[in-house]
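Summary of the model geometry
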Amino acid sequence: MAEKRYKKLKTAAELQRLMQWHYTRIRLPRLGRPLAWVTSGAPVEILRAMGVIAVYPENYGALCGARREAVSLCEAAEAQGYSPDLCSYARTSLGSVFQSERAPMGGLPQPDLLIACNNICGTVIKWYEAVAAHYEVPLFILDTPFIHGAFEPHALAYVVAQLEAMIRFVERTTGRRLSMKRLERTVRLANETVQLWSEIRALCKARPSPLNAPDLFVNMAPIVVLRGTEGAVRFYRHLKAEVEMRVKNGIGAIPKEKYRLLWDNIAIWHHLYRFYNYFVDYDACFVVDTYTGGWSQEIPEGQSELMEGIATAYATVFLNQSLEYRSHLMERLIREYDVDGFVMHCNRSCKPYSLGQYAIRRRITEGTGVPGLIIESDMCDARAFAAEAVKTRIQAFMETLAERK
Amino acid sequence: MYCVVQVREPLLGDQIQWDWNSLAHPCKDWQTRYPTKRAFGYLCTYSPIELLHAAGFVPVRLVQGSGQVALANAHLPSFSCALARMVTERLLSGALDCLSGLLVVHTCDTMQCVADIWHMADPPFPLVTFSLPTVLSNVGARDYLLAELHRLAAVLESDFGAPVTEDALRTSIALYNEQRRLLATLYEHRRAFTVEQFWTLVLSGMVTPVEEHNVLLQSVLQSVEEKKEAVRQGPAVILVGAILDDPTIPVIVHELGGQVVWDDLCTGSRYFDVLVDETQEPFGALADRYLKRVPCPTKHDDANPRAEHLLSLVHRTGAQGVVFVLPKFCEPHAFDYVLLSKALANEGVPHLWIETDLTAPIGQLRTRIQAFIELLRGS
């Protein structure tokens, strides 16, 4: 191949430094600052404002997956009785807890407390229960009722009551107090991070798209792990400037963009570049996805009660809403990003994301005429990936798209 | 469902028969058997069936059953649990068309998804969702649950023309409490029945009108007291799991010389575990029952009472072992299995783990159960 299929971003080094610093810093002496393990959809602004250091087992799971070190950790969890059918982030995380000597960086530092929010799935409840039992540390679960229809006022009141309970829980377990001023500042920073990330993603409406799915997946780490910090804001400013330059100069993420695709679900971390390169071979670029857009909810500031804003932002995330909501959102993305086809990763690890994909695909294709491909695999467990079968299905799908052009 | 049990005829234990395949097919003969009654489907023990009943419906439980999955394959991936796939299959094939509505309670990720999948498949009846709190011990959980119960009552009135009055709700609560008491009594007298008869009596209550089932239970329990209960020997076990809608496993246990003395199953003791307080305001009383129950694995309770509950069942019933019957791809149960099996091991209680799916390999199952019972005999 004459041209490299993956065009590296200049900010890649800065991203690497930022994430390395995060993983180093959480291991440094913390001078009494408590450390919490939190889920990707937990209201981290409250923790940051209280001086609690947040680490993300899901991000760590993705990291282990991308380094192809997740399978041995999954096996360590399976040896303790955890079924191989369970979520591979959970198995990777529990494996790193049980056998830290096998784990990249020796696993995550031990938590002082745990915060899990079920706005992404029910798995996190059981996973964090197991971590809490192992380390004998307190666990708070923020319960965000699933929204099949509308976000009802009694659900809002319930989530607000829990946020208040969560603050009391953190105060009780860490001895720290929440300053509303610091919270407002953290929320402002988080919103700024979210805005920048949304703007970067929106730049991919350009033809050719300046970014492909692996770029989005690699660069999403700070929006999850460092949301609400100066470092994340700085990084996304630089990334945005670089992506804007690409758009201005007509530089695409892949050598030749003929097909524009939408991606649904978590990445196949263990085959991240290889997998998307199968599509690059057909001149297909993933210009938008549903997963990295999961961190695009700004917390309303100013007018309403801040706690209500936080409750609404976290309770109404993409994965906590109905399949119809998700179908509509994807149809809108298909129009806005001028997409030719969509690929859904039917992820054995993630039931809430995956079980409804057949219904969504049917609805979208009826609504837009755009075809979709469903590929069954797993985000971290490479044992569930059959490369040749996947390539054959991609080939057939790309032939369908070619006929439509 | 088609139950051969006829309440108008004198009932004795050995006359109770049951077409097991019909349990999963409540619509079969519904019109002829209950021409004036409207069936409302539900799946889980956290469904407020008293509300459905008070609105004039017969709550009918949907279970897994057995059969081929064909249509559902275009709606669900292979890693969905058998309950989700089988109910989807029957819903798509029209086998549930007698239902006037279907209530899906938010419990696990799978139920959350199938509620929407079924809704998007355009069934000939409306689908109603009910979001139970996941952390029942949470601050605000009771207020939220109460509001959700009132919302459900409002939906029954607006979308089904079936209002719920407080008086009707009190009557329904009393009827279901009676059923719970009778089932608890039946559990104490289970030795008077064959295993098939016992499970027939338990499960038929989930698919027949409660009034009818209560009469049936009263009648068989009356005859029990006159009968001498069979003394059974052999290792006693407790079954733990989700849906057990056919008696294969308990039958095998008995055939091999063991006995099931109690269970922690959604289709067993978890169906009747706590009574609703009849002296209280009825909506609040319903909410409180959910808060009082030992939570199922989809719920979180800071006190983590499931292990303690299982151990107390073991001690109370004198069981020597525990048999887990867990559906493949069921995350909540698979996670809890690890914590529960450790708690059992700490107390020196042996356990057997059985994973169920669409089909059960009976021969292998028998061998494993046999080995387990022999282990219990030796211990």
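Position labels on residues start from 1 in each chain and follow its written sequence. Going through the entries in the order they are written, you letter the chains from A and number the ligands from 1. Residue-level local features of this predicted model are given only where pLDDT is at least 70; pairs of side-chain atoms are given and counted only at 80 or more, and the full residue set underlies all totals for whole chains, interfaces and linings. Water and hydrogen atoms were dropped before computing side-chain values, which therefore reflect all heavy atoms in the structure.

Thoughts on the environment of A:Q195
By definition, any uninterrupted DSSP run of H or I lasting at least four residues is a helix, any uninterrupted run of E lasting at least two residues is a strand, and each is numbered from the N terminus. Topologically, A:Q195 is positioned in helix α8 (residues 180-202). Along the primary structure A:Q195 and A:Q297 are separated by 102 residues, whereas in three dimensions their C-alpha atoms are 8.8 Å apart.

Description of the pattern of salt bridges
All names here are of chain A. Throughout this description, the term salt bridge denotes a Lys or Arg side-chain nitrogen within 4 Å of a carboxyl oxygen of Asp or Glu. Overall, the coordinates contain 41 salt bridges over all chains when judged by the stated rule. Salt-bridge contacts for E192 lead to R237; the nearest nitrogen and oxygen are separated by 2.4 Å. One end of the pair, E192, is in helix α8; the other, R237, is in helix α11 (residues 230-248), with 45 residues separating them in the sequence.

Concerning the domain arrangement of chain A
Residues and elements named next belong to chain A. Domain boundaries shown here were taken from an automatic or database domain assignment. When its domains are assigned, chain A resolves into domain 1 (12-179) and domain 2 (182-404). Each side of the interface is counted separately: domain 1 has 51 residues, and domain 2 has 50 residues. Summed over both partners, buried area is the accessible surface (1.4 Å probe) that two parts give up on being assembled. Taking both partners together, domain 1 and domain 2 bury about 4300 Å²; carbon and sulfur atoms supply 62% of that area. One can count 5 salt bridges joining domain 1 with domain 2. With a closest N to O distance of 3.9 Å, R348 and D85 form a salt bridge. Two N or O atoms count as a polar contact when they lie within 3.5 Å, although within protein this holds only if one can serve as hydrogen donor and the other as acceptor, and sequence-adjacent residues are included solely when both atoms are side-chain atoms. Applying the counting rule to domain 1 against domain 2 returns 22 residue pairs in polar contact (both at pLDDT 80 or more). At the level of elements, α1 (12-25), α2 (44-49), α3 (57-66), α4 (70-79), α5 (88-98) and α7 (153-174) are the ones that each hand at least two residues to the side of domain 1 that touches domain 2. In the scheme used here, Gly and all other residues not listed as nonpolar or charged are polar, with Ala, Val, Leu, Ile, Met, Phe, Trp, Tyr, Cys and Pro taken as nonpolar and Asp, Glu, Lys and Arg as charged. A per-class count over the side of domain 1 that touches domain 2 returns 29 nonpolar, 14 polar and 8 charged. The contact rule is simple, with two residues in contact once any of their heavy atoms fall within 4.5 Å.

So, the packing of helix α12 (residues 272-280) of chain A against helix α17 (residues 387-404) of chain A
Residues and elements named next belong to chain A. α17 packs onto α12 with a crossing angle of 30° between their chain directions and a minimal axis gap of 10 Å. Taken together, the axis directions place α12 and α17 in an arrangement best described as roughly parallel. The hand of the α12/α17 crossing is right-handed. Only A387, V390, K391, I394 and M398 of α17 make contact with α12, whose side of the interface consists of F275, Y278 and F279. Looking at the contact of α12 with α17 residue by residue, the class counts come to 7 nonpolar, no polar and 1 charged. Fitting a line to C-alpha atoms yields each axis, with helices limited to the stretch in contact; the angle taken between N-to-C directions then spans 0 to 180 degrees. An angle below 35 degrees is treated as roughly parallel, one above 145 as roughly antiparallel, one from 65 to 115 as roughly perpendicular, and anything else as oblique. Here a crossing is called left-handed whenever its near helix is offset anticlockwise from the far helix by less than a right angle, and right-handed whenever the offset is clockwise.

Digging into the state of the cysteines
In this description, the term disulfide denotes a pair of cysteine sulfurs within 2.5 Å. Here the structure, examined in full by the defined rule, presents 1 disulfide over all chains. What pairs with B:C27 in a disulfide is B:C98, and their sulfur atoms sit 2.1 Å apart. One quick way to see it: the torsion about the S-S bond of B:C27 and B:C98 is about -80°, and its sign makes the bridge left-handed. Remark: B:C98 occurs in the loop between α3 (82-93) and β3 (99-106) and B:C27 occurs in the segment before α1 (30-33); sequence separation between them is 71 residues. Each residue's exposure class comes from its accessible area (1.4 Å probe, protein chains only) as a fraction of the maximum for that residue type: buried when under 20%, exposed when over 50%, partly exposed otherwise. Taking the relative accessible area as the measure of exposure, B:C27 reaches 16% and is therefore buried. Left unpaired, A:C87 is separated from the closest cysteine sulfur, that of A:C121, by 6.5 Å. On the accessibility criterion, A:C87 (6% relative accessible area) is buried. The thiol of B:C296 is unpaired, and the distance to the nearest cysteine sulfur, on B:C266, comes to 6.1 Å. Assessed through its relative accessible area of 9%, B:C296 is described here as buried.

Considering the interface of chain B and chain A
Tallying the contact residues gives 47 residues for chain B and 51 residues for chain A. At the boundary of chain B with chain A, total buried surface from both sides reaches about 4100 Å², with 62% on carbon and sulfur atoms. Contact with chain A buries area across many residues of chain B, yet B:F79, B:M120 and B:F335 alone supply 19% of it, more than any other trio. Linking chain B with chain A are 2 salt bridges. With a closest N to O distance of 2.6 Å, A:D85 and B:K328 form a salt bridge. Viewed at the interface, chain A and chain B are joined by 19 residue pairs in polar contact (both at pLDDT 80 or more). Of all the elements in the fold, those that place two or more residues in the side of chain B that touches chain A are α4 (109-120), β4 (127-131), α5 (141-160) and α13 (331-346) of chain B. In the side of chain B that touches chain A, the residues fall into 22 nonpolar, 14 polar and 11 charged.

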